[in-house]
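Each chain is listed here by its residues.
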Amino acid sequence: MRPFCAAVLCLALVGCAVKKPGSVRIDPALEALIPADTVFIVGGNIDAVRQTPVYQKLLSRVPLPQLDEFTRQTGLDPRKDLSQVLSCSNGKNGVLMARGKFNVTDLEARLQSRGAARSSYKNRAVFGSERLSFVFLNSSTAVVGPAPELRSIIDRGSAGGLPPALRDLVRTIPANDQVWAALTGGLQSLNLAVPRDSNLANIVSALKSIDTATIGMDLSKGIGLIAEVTCKSERDAKFVHDMLKGVVGIGRLNTPDNHPELLQLYDAIQVTEQQNHTQVTAQIPADLADRFLDLWLKR
């Protein structure tokens, strides 16, 4: 495994070791729309992310021509107009919900001008196809996803909400995490499109013993992450623990001599196991996070 890829993979699986009181807050307007069959949820507090040093430095260093073109074509600038996003999946279909500031008349006109078919459902304007549609519920709430899912959300109105099992998991994620995710029902509940006989497929197959999982990211003081998984048995938890330790070890062994800072990154990662739980924790300080981003952006 190439050292930079290993570093990115480790960061995707690790987390901040210190939890603060409270849990992440989901905008009530979005929480009320969550489908009852949701098993996997990803949330992002864009307002909070926007204030972090990591975001500000990353945005100032990376040219984003595709995002600029998207803004020009649609009139929507995610860097300014979004405040919170929420992605929900039942394992087969998913919807993306967003809160922000939307000029609905202008956005709808742009969608039509770009060829999006307009239809009406219960006095709501819906744009797109059965496979992918857009609907603005008001000037601050938008939903994107398959048309049947959008119609179900419109039918329910504000009668949705997190399923109890997923709600309990989300409540364990610290309030200071700007980006987070939670999974119930294990990876087998997700219809993951990965090539058969590939390395990724082998990893997914190996991780099917995971029952529940959470991950949170705090960018306020560098890069802080936490990942916790509950497995079906202690043996499964040990397998996950050993696999993650192996990833960290391979990353260290493949670290170039001219990038000793990557060793500090791997050393910040701690993998622990207790009964059927595996936890991976890390706290990457701001100066090391800056150096890591510099290396990553130069690739």
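Procedures and definitions
Here the residue numbering is sequential within each chain, running from 1 through the sequence in written order. Side-chain atom pairs in this predicted model are given and counted only at pLDDT of 80 or more, local residue features only at pLDDT of at least 70, and totals for whole chains, interfaces and linings cover all residues. The basis for every side-chain value is the complete set of non-hydrogen atoms in the structure, without hydrogens or water. By the criteria applied, helices consist of DSSP H or I runs no shorter than four residues and strands consist of E runs no shorter than two, each listed in order from the N terminus. In this scheme, a residue with accessible area under 20% of its type's maximum is buried, one over 50% is exposed, and one in between is partly exposed, where area comes from a 1.4 Å probe on protein chains only. We call two residues in contact when some of their heavy atoms are within 4.5 Å. To be clear on the numbers: accessible area is Shrake-Rupley with a 1.4 Å probe, and residue cover counts the displayed protein chains and nothing else. Here, a strand pair is defined by DSSP locating no fewer than two bridges between the strands. Convention adopted: a line fitted to C-alpha atoms gives each axis, helices being fitted over their contacting stretch, and angles between N-to-C directions are expressed from 0 to 180 degrees. A residue's pLDDT is simply how confident the predictor is in it, with values from 0 to 100. Any helix carries an expected span of 1.5 Å times its number of residues minus one. Regarding the arc, it is the one traced by the directions from the helix axis to the C-beta atoms. Within this scheme, the nonpolar core is defined by two criteria: the residues are buried Ala, Val, Leu, Ile, Met, Phe, Trp, Tyr or Cys, and they are joined through side-chain atoms within 4.5 Å. Polar contacts, as used here, are pairs of N or O atoms within 3.5 Å; protein pairs need one atom able to donate a hydrogen and one able to accept it. Residues neighboring in sequence count only if both atoms are side-chain atoms.

With that out of the way, let us pick up the overall build of the chain. Assigned secondary structure in the chain consists of 13 helices and twelve strands. Of all 299 residues assigned to the chain, the portion counted as buried reaches 44%. In the chain, the share of contacts with a sequence separation of at least 24, taken over all contacts with a separation of at least 6, comes to 67%. Total accessible area on the chain stands at roughly 15600 Å², and carbon and sulfur atoms take up 54% of it.

What follows deals with the sheet that holds strand 10 (residues 223-231). The antiparallel open sheet is built from twelve strands, whose spatial order is 4-5-6-7-3-2-1-8-9-10-12-11. Of all the strands in the sheet, the pair left with one neighbour each is strand 4 (118-121) and strand 11 (270-274). For this sheet, the mean inter-axis angle between neighbouring strands, taken without regard to orientation, is 15 degrees. Of the strand pairs in this sheet, strand 6 (residues 133-138) and strand 7 (residues 141-145) are connected by five bridges, and their pairing is antiparallel. For Phe134, the partnering residue across the bridge sits in strand 7 and is Val144. On the sheet, helix 11 (residues 234-253) packs against strand 9 (210-218), strand 10, strand 11 and strand 12 (277-284) and is oriented at approximately 170 degrees with respect to strand 11.

Glancing now at the confidence of the model for the chain. Of the residues in the chain, 81% have a pLDDT of 70 or more, and the chain-wide mean is 83. When mean pLDDT is taken per element in the chain, strand 4 scores highest with 95 and helix 1 (residues 3-12) scores lowest with 45. Scored below 50 in pLDDT, residues 1-20 shows 61 contacts in the model against residues more than four places distant or in partner chains.

Time to look at the pairing of strand 10. Burial analysis of strand 10 places eight of its nine residues in the buried class, the great majority of the element. Across eight bridges, the pairing between strand 9 and strand 10 is antiparallel. Residue pairing across strands places Ala213 opposite Val229, the latter belonging to strand 10. Both strand 10 and strand 12 contribute to a ladder of eight bridges, which runs antiparallel. Residue pairing for strand 12: Ile226 is matched across the bridge by Thr281.

This next bit is on helix 11. Compared with the 28 Å implied by 1.5 Å per residue over 20 residues, the 28 Å span of helix 11 between its first and last C-alpha is a close match. Listed in full, the buried residues belonging to helix 11 are Ala237, Val240, His241, Leu244, Val247, Val248 and Gly251. Buried residues along helix 11 cover an arc of 120 degrees about the axis, so they all sit on one side. More than 90 degrees from the buried face of helix 11, the exposed residues found are Arg235 and Leu253.

Attention now goes to the nonpolar core. Side chains of a nonpolar character, in soluble globular proteins, are inclined to be buried together. By size, the foremost hydrophobic cluster in this structure holds 27 residues, and its most contacted members are Ile223, Leu265, Ile269 and Ile284. Of all the secondary-structure elements, those providing two or more residues to this core are helix 4 (53-61), strand 9, strand 10, helix 11, helix 12 (261-267), strand 12 and helix 13 (286-297). If near-sequence neighbours (up to four positions away) are discounted, Ile223 is found in contact with Val54, Asp218, Gln283, Ile284 and Ala289. Grouped together as the second largest cluster of nonpolar side chains are 24 residues, Leu30, Leu33, Val143 and Leu150 included.

Let us look at unusual backbone geometry. Positioned with a positive phi, Lys122 is a non-glycine residue whose angle comes to about 50 degrees. Look at Asn123: it is not a glycine, yet its phi comes out positive at around 65 degrees. Relative to the helices and strands, Asn123 is located in the loop between strand 4 and strand 5 (124-128).

What follows is about the pairing of strand 12. Across five bridges, strand 11 lies against strand 12 in antiparallel orientation. Within strand 12, the residue paired with Thr272 across the bridge is Gln279. As consecutive antiparallel partners, strand 11 and strand 12 are separated by two residues, and within that stretch Gln275 has a phi angle of approximately 55 degrees, a positive value.

Further remarks concern the side chain of Ser133. With respect to the helices and strands, the residue Ser133 is situated in strand 6. Here the side chain of Ser133 touches Ser129 through a polar contact of 2.5 Å, landing on its backbone oxygen. If near-sequence neighbours (up to four positions away) are discounted, Ser133 is found in contact with Val126, Phe127, Gly128, Val143, Val144, Gly145, Ala147 and Leu150.

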